[in-house]
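Read off the chains here:
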Amino acid sequence: MNPRLGKVLPPLAVITAVIAFWWWIVVHNESPIFPTPWQVVTGTLELAEDGTLWEHIGASLYRVGIGFGAAMLVGIPLGLWMGWVAGAYRTFNPIFQMLRPISPIAWIPLAILWFGIGEASPIFLIFISSVFPLIVQTTSGVHTIDRRYLRAAANFGVTRWVMFRRVVIPAVLPEIIIGMRIGIGVAWLVVVAAEMIALRSGLGYLIMDSRNAGNRYDLVIAAMIIIGVIGLLLDGITRLLEKLKTVRWRYVR
Amino acid sequence: MLAASSREHIAKAGRLGSGPALGPQQGTTAATPITDMVPKISVRGLVKSFKGAKGKTLQVIDGVEFDVAEGEFVAIVGPSGCGKSTLMNILAGFEKPDSGTLLIDGRPHPGPSPQGIVISQYGSVFPWLTVQQNLMFGLAGKDSAANAELADHYAAMVGLKGFENAYPHELSGGMLKRVELARAFIVKPEILYLDEPFSALDALMNLRMRNELLRILAEEKHTVLLITHDVDEALYMADRILVLSPRPTCIQARFELDMPHPRRLISPEMDALRERILNELGLVSP
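Residues numbered from 1 in each chain as written. Chains lettered and ligands numbered in written order. Predicted model: local features only at pLDDT ≥ 70, side-chain atom pairs only at ≥ 80, totals over all residues.

## Structural notes on the overall build of chain A
The test is simple: Comment: elements are numbered from the N terminus, with helices defined as DSSP H or I runs of at least four residues and strands as E runs of at least two. Think of it as a crowd count around each C-beta: if 20 or more other C-beta atoms lie within 10 Å the residue is buried, if 12 or fewer it is exposed, and in between it is partly exposed, with C-beta placed from the backbone throughout. By the criterion used throughout, residues are in contact when their C-beta atoms, derived from the backbone, lie within 7 Å.
The secondary structure content of chain A amounts to 11 helices and 0 strands. For chain A, the succession of helices and strands along the chain, N to C, is α-α-α-α-α-α-α-α-α-α-α. By its C-alpha atoms, chain A is 75 × 60 × 30 Å across when sized along the principal axes. The buried share of chain A, taken over its 253 residues, is 34%. In chain A, 73% of the contacts between residues at least 6 apart in sequence involve partners at least 24 apart.

Listed below in structure tokens is the structure:
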């Protein structure tokens, strides 16, 4: 058998089996609410045709884009600074370590209180959820730079700025990419949760709205599957960064 | 440091003078054959200790003294754990001694600088830069065409022609060592500090790199300080060999090697010298 086919076939078989079992159990139980896979497909097509599906996807991606972008702008420089300057680490690390384990969902009431029900709340929640992994990964990335590289740079008599720009940043880049992967994953989890609370668009809203407006469980499941696929794509796009020539060294050997 | 000096003896192993010339000259306190010139490196009464567990101090270096003349190749041989790496860190300016003086050209050591480049067993070629970018790292004016040309010249000198744009992870261990050597030579350091430079390579590559290094040193004269546990490496390359005692370390024997290159490691006088050095290291079989 073709080795490529051999890799693709087993997971495909599992997915097929899950769909078959799902179909069989719905038909067997004659469920009036729970949809068959085909009903999910037709429901999805229905949403795609009237354009609302794209609006929901676009709204969710927009929020993640803004929230995660802001988290990168804040988290990466902050992480580099905390990693490079010992005093900054001692000063800020305790509070970040304390805030980090708080689930982003716990911030929802505060977000509504501060920002009301609008675009700002979910963006804030995404920011909160993804900024900590970025800070922590970047900081620990700086801390774990192999000392021999810093020594070699010092040996060549470069300034502290050149050392930072040409040694520290490239050495930490692979850790930053790991932080981005974790961050974007959490951000995607959180946007869906945030949209379930109180908004008029987004994939999270689509799930709650479909249930509330006439038990459209076909659309609930359609939205869930789309969320899964987009999450996979986001991770895949972030992973493309690992292919950059300047970070390849971290992933070989 | 008188106690340390009296333990030392100097042996001269001239190429022609076998026999009596190999005998130790007990009680000689002269640390160097240099007379009126200022030595390139001058080390006097170097002492270093570390705070160990439970507040105990662990003395690592106890009164190391030696001089290195301009253009000389001096090897310091010592047993594992005797404080070789600490000594090298101090000599290269990365650590400060507790006491003692360390002069370069008669002036206090300025700290790490391109004047003296360290090459260690671990290697420090930047993996995120290409070979060419690595070579240009220490050059002023970064990515100019002239620098790129210079980098390519040095890459060719160490046999890396055609690999200028390769990344380190695409190279073998021996090639990485060549990158590191070229990156050091390109900044024209006055001193090379070699800290077991080839010990991470396989035996054959180790031998090959010794020849490469000697070939380059014949082209571009540098003062070299080699720290190693490999007696043969020292015998093959050095003009002078200093043997370190166990910790706290001091120099317990000095040997002159007035032999031309390329050297044969198997010859009666080499065998005799090797045996004497191993004897100093407490390793010789009767």
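Moving on, there is more to tell.
## As for the sheet that holds strand β6 (residues 99-104) of chain B
Residues and elements named next belong to chain B. Condition: Only strands joined by at least two bridges in the DSSP assignment are considered to pair. To get an axis, a line is fitted to the C-alpha atoms, and for a helix only the part in contact is used. The angle between two axes follows their N-to-C directions and goes from 0 to 180 degrees.
Strand order in the open sheet made by the 4 strands is β4-β3-β6-β7, with antiparallel pairing throughout. Bordering the open sheet on either side are β4 (57-68) and β7 (107-108), each of which pairs with just one other strand. Sheet topology places strand β3 (residues 41-51) next to β4; 9 bridges connect them, and they run antiparallel. Across the sheet, residue lysine 48 finds its bridge partner in β4, namely isoleucine 61. Helix α2 (residues 84-91) rests against β3, β4 and β6 of the sheet, and its axis sits at about 55° to β4.

## Topic: the nonpolar core
Spelled out, the test is: Joined through C-beta atoms within 7 Å, a set of buried Ala, Val, Leu, Ile, Met, Phe, Trp, Tyr and Cys residues constitutes a nonpolar core. Here the limits of each domain have been adopted from an automatic or database domain assignment.
One finds Ala182, Tyr193, Leu225, Leu226 and Ile241 of chain B to be the most contacted residues of the largest nonpolar core, which totals 127 residues. Sort the elements by how many residues they give to this core and helix α8 (residues 160-198) of chain A lands first, with 16 residues. Residue-level mapping places this core at the junction of two domains, with at least three residues from each of domain 1 (2-26 + 37-115 + 190-280) and domain 2 (126-188) of chain B. The contacts of tyrosine 193 of chain B, once residues within four sequence positions are left out, are Met88, Leu91, Ala92, Gly116, Ile117, Val118 and Leu225 of chain B.

## Quick notes on the environment of leucine 213 of chain B
Residue and element names in this part refer to chain B. As for its placement among the helices and strands, leucine 213 is situated in helix α6 (residues 203-219). The class for leucine 213 is buried, based on 25 C-beta atoms found within 10 Å. In this structure the C-alpha to C-alpha distance between leucine 213 and methionine 237, which are 24 residues apart in sequence, comes to 8.9 Å. Residues in contact with leucine 213, not counting those within four places in the same chain, are Leu181 and Met237.

## Some points on the packing of helix α2 (residues 37-50) of chain A against helix α10 (residues 217-240) of chain A
All names here are of chain A. The criterion, for reference: Throughout this description, any angle smaller than 35 degrees is read as roughly parallel, any larger than 145 degrees as roughly antiparallel, any in the 65 to 115 degree range as roughly perpendicular, and the remainder as oblique. Throughout, the ten residues Ala, Val, Leu, Ile, Met, Phe, Trp, Tyr, Cys and Pro are labelled nonpolar, Asp, Glu, Lys and Arg are labelled charged, and all others, Gly among them, are labelled polar.
Running from N to C, α2 and α10 point in directions that differ by 80°, and their axes come no closer than 8 Å. Relative to α10, the element α2 is oriented roughly perpendicular. Packed against α2, whose contacting residues are Gln39, Val40, Gly43, Thr44 and Leu47, the element α10 presents Asp218, Leu219, Ile221 and Ala222 at the interface. Its residues placed into classes, the contact of α2 with α10 shows 5 nonpolar, 3 polar and 1 charged.

## Digging into the confidence of the model for chain A
Rule in force here: The predictor attaches a confidence to each residue, and that confidence, scored 0 to 100, is pLDDT.
Mean pLDDT over chain A: 91, with 99% of residues reaching 70 or higher. When pLDDT is averaged over each helix and strand of chain A, the minimum, 84, is found for helix α11 (residues 248-251) of chain A and the maximum, 95, for helix α3 (residues 52-84) of chain A.

## A short note on the interface of chain A and chain B
The partner chain B presents 18 residues to the 17 residues of chain A that form the contact. Going through the elements one at a time, α7 (147-155), α8 and α11 of chain A are the ones with two or more residues in the side of chain A that touches chain B. The element that contributes the greatest number of residues to the side of chain A that touches chain B is α7 of chain A, accounting for 6 residues.

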